Amino acid sequence: MYSFNTRVRYSEIAQDRKAGIVSIINYFQDCCTFEAEDGGVGLEWLSQHGTAWMLTGWQVHMIRKPEYGEEIRVTTWACGFKYAFGKRSFLIQDMEGNVLVWALSDWAYVNVKKGSFEKNVPEKELEVYGMAEPITERFSEFGIEAEDGGASEIKVYKGKIRIPEEMTELPPITVYADNIDTNHHVNNVQYVSLAKSVIPDEIDVKVLRAEIKKQSKLGDVIYPYIFRDEEKVVVRLCDEENQTKLVTEYYLS
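Residues numbered from 1 in each chain as written. Predicted model: local features only at pLDDT ≥ 70, side-chain atom pairs only at ≥ 80, totals over all residues. Heavy atoms only, no water.

### Here we look at the overall build of the protein
The test is simple: To qualify as a helix, a DSSP run of H or I must reach at least 4 residues; to qualify as a strand, a run of E must reach at least 2; elements of each kind are numbered from the N terminus. Atoms considered for the radius of gyration are the C-alpha atoms alone. The globule rule reads 2.2 Å times the number of residues to the power 0.38. Only protein chains enter the calculation, and the probe is 1.4 Å; a residue is then buried if its accessible area is under 20% of its type maximum, exposed if over 50%, and partly exposed in between. Contact between two residues is taken to exist if any of their heavy atoms lie within 4.5 Å; hydrogens are not considered. Accessibility throughout is a Shrake-Rupley quantity obtained with a 1.4 Å probe, and a residue counts as covered only by protein chains that appear here.
Check the secondary structure of the protein and you find five helices and twelve strands. Computed over the C-alpha atoms, the radius of gyration of the protein is 18 Å, within 12% of the 18 Å expected from 2.2 N^0.38 for a compact globule of 253 residues. Considered along the principal axes of its C-alpha atoms, the protein spans approximately 50 × 45 × 35 Å. Relative to its 253 residues, the protein shows a buried fraction of 48%. Of the contacts formed within the protein by residues at least 6 apart in sequence, a portion of 70% connects residues at least 24 apart. A total accessible area of about 13500 Å² is found for the protein, and carbon and sulfur atoms account for 47% of it.

Next up, the structure:
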């Protein structure tokens, strides 16, 4: 497991004075990249090998959003490797150890020059990251309970996000330089931010699911679609041929 402590900054909060979903995912991204750097398998290592870890999926559960000025601890650990694919768990806790946010994520190890999956993750990276059980097998260890105190199971969403048949088309979005990361495509957090930007501000997201299907580059035009009912909001970002690039699902309770 790898952790770092931080404090919720003004630049990271939404109108309710709490860290928004984009800031929360940024904490997670920072945590796993810090682990890679400290273990000697960070940006320089990846650059030398022509590889990168590409995020393909998020499932983020917010028990309580971190508040402005609050000191928090962000933790991550690898919880699965198979060929070119990896899984990670994440936690955000207050300084008393109470879990505020927990998350699951899926990653792919790719050759950035060939644009294809690598056959296997290098042994050095496997050694640095280690292996532990996913957060879903460790709820009791971290004191995570269902909202009713544990009488029912904690909801963990499985399977692919179902895209509604009827969705409302919204104005297109152009990818700018601020959306691009060191891999020269839209950063996974920026992708979520673009999708979140089309959701009304009054919506209080409790759970986020995201699936990245296709990368976007500088200058690309993205076409968003939205669906909303009493339970959730679904946002689909597409290319000019209506192929899905990203689909996100936001549960409201």
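### Details of unusual backbone geometry
For R17, which is not glycine, the phi dihedral falls at a positive 70 degrees. With a relative accessible area of 63%, R17 lands in the exposed category. For Y83, which is not glycine, the phi dihedral falls at a positive 55 degrees. Examined against the element boundaries, Y83 turns out to sit in the loop between β3 (71-82) and β4 (85-94).

### A short note on the pairing of strand β11 (residues 232-238)
We apply this condition: If DSSP finds at least two bridges between two strands, the strands pair.
Within β11, seven of the seven residues are buried, which leaves it mostly tucked inside the rest of the structure. Side chains K232, V234, R236 and C238 project from β11 onto one buried face, and the interleaved V233, V235 and L237 project onto a second face that is buried too. Bridge count between strand β10 (residues 221-228) and β11: six bridges; the pairing is antiparallel. Residue pairing in the sheet places R228 in a bridge with V233 of β11. Counted between consecutive antiparallel strands, the loop separating β10 from β11 contains three residues. Relative to strand β12 (residues 244-251), β11 runs antiparallel, the two sharing seven bridges. Residue V234 lies in a different strand from β12, and its bridge partner there is E249. Counting the residues between successive antiparallel strands, the hairpin from β11 to β12 contains five residues, one of them, N242, with a positive phi of roughly 65 degrees.

### As for the environment of A36
On the secondary structure map, A36 appears in helix α1 (residues 21-38). For A36, a relative accessible area of 7% corresponds to the buried category. Taking C-alpha positions, A36 is 15 Å from G50, a pair spaced 14 residues apart along the chain. Setting aside chain neighbours within four positions, we find A36 in contact with V41, G42 and Y129.

### Let's talk about the nonpolar core
Test applied: Nine residue types can take part in a nonpolar core, namely buried Ala, Val, Leu, Ile, Met, Phe, Trp, Tyr and Cys, and a core is a set of them joined through side-chain atoms within 4.5 Å.
Membership of the largest hydrophobic core comes to 55 residues, with the highest contact counts inside it found for F28, V60 and I92. Not counting residues up to four positions away in its chain, the partners in contact with V60 are I21, I24, I25, F28, V101, W102, A103, K206, V207 and L208. One finds W77, C79, L91 and L104 within the second-largest nonpolar core, a separate group that totals ten residues.

### A few points about α1
To be explicit about the condition: Any helix carries an expected span of 1.5 Å times its number of residues minus one.
Compared with the 26 Å implied by 1.5 Å per residue over 18 residues, the 26 Å span of α1 between its first and last C-alpha is a close match. All of the buried residues in α1 are I21, S23, I24, I25, Y27, F28, Q29, C31, C32, E35 and A36. Positive phi appears at G40, one or two residues downstream of α1, with a value of about 80 degrees.

### Observations regarding the environment of Y129
Its place among the elements puts Y129 in helix α3 (residues 123-129). What makes Y129 buried here is its relative accessible area of 9%. Taking the C-alpha atoms as reference, Y129 lies 22 Å from I72; in sequence the two are 57 residues apart. Aside from chain neighbours lying at most four places away, what touches Y129 is E35, A36, V41, W53, A78, F81 and R88.

### Looking at the packing of aromatic side chains
Put simply, the rule reads: Between the rings of Phe, Tyr and Trp (Trp by its six-membered ring), a pair exists once the centres lie within 6.5 Å; its type follows the angle of the planes, with under 30 degrees stacked, over 60 edge-to-face, and the other angles tilted.
Applying the stated criterion across every chain, the model contains twelve aromatic pairs. Ring geometry for F28 versus W58: centroids 5.8 Å apart, planes at 35 degrees, classification tilted. Residue F28 is located in helix α1, and its partner W58 is located in strand β2 (residues 51-62); the two are separated by 30 residues in the primary sequence. Judged by its relative accessible area of 4%, W58 falls in the buried class. The interplanar angle of 50 degrees and the centroid separation of 6.1 Å between the aromatic rings of W53 and F81 together place this pair among those described as tilted. Placement of the pair is W53 in strand β2 and F81 in strand β3, with a sequence separation of 28 residues.

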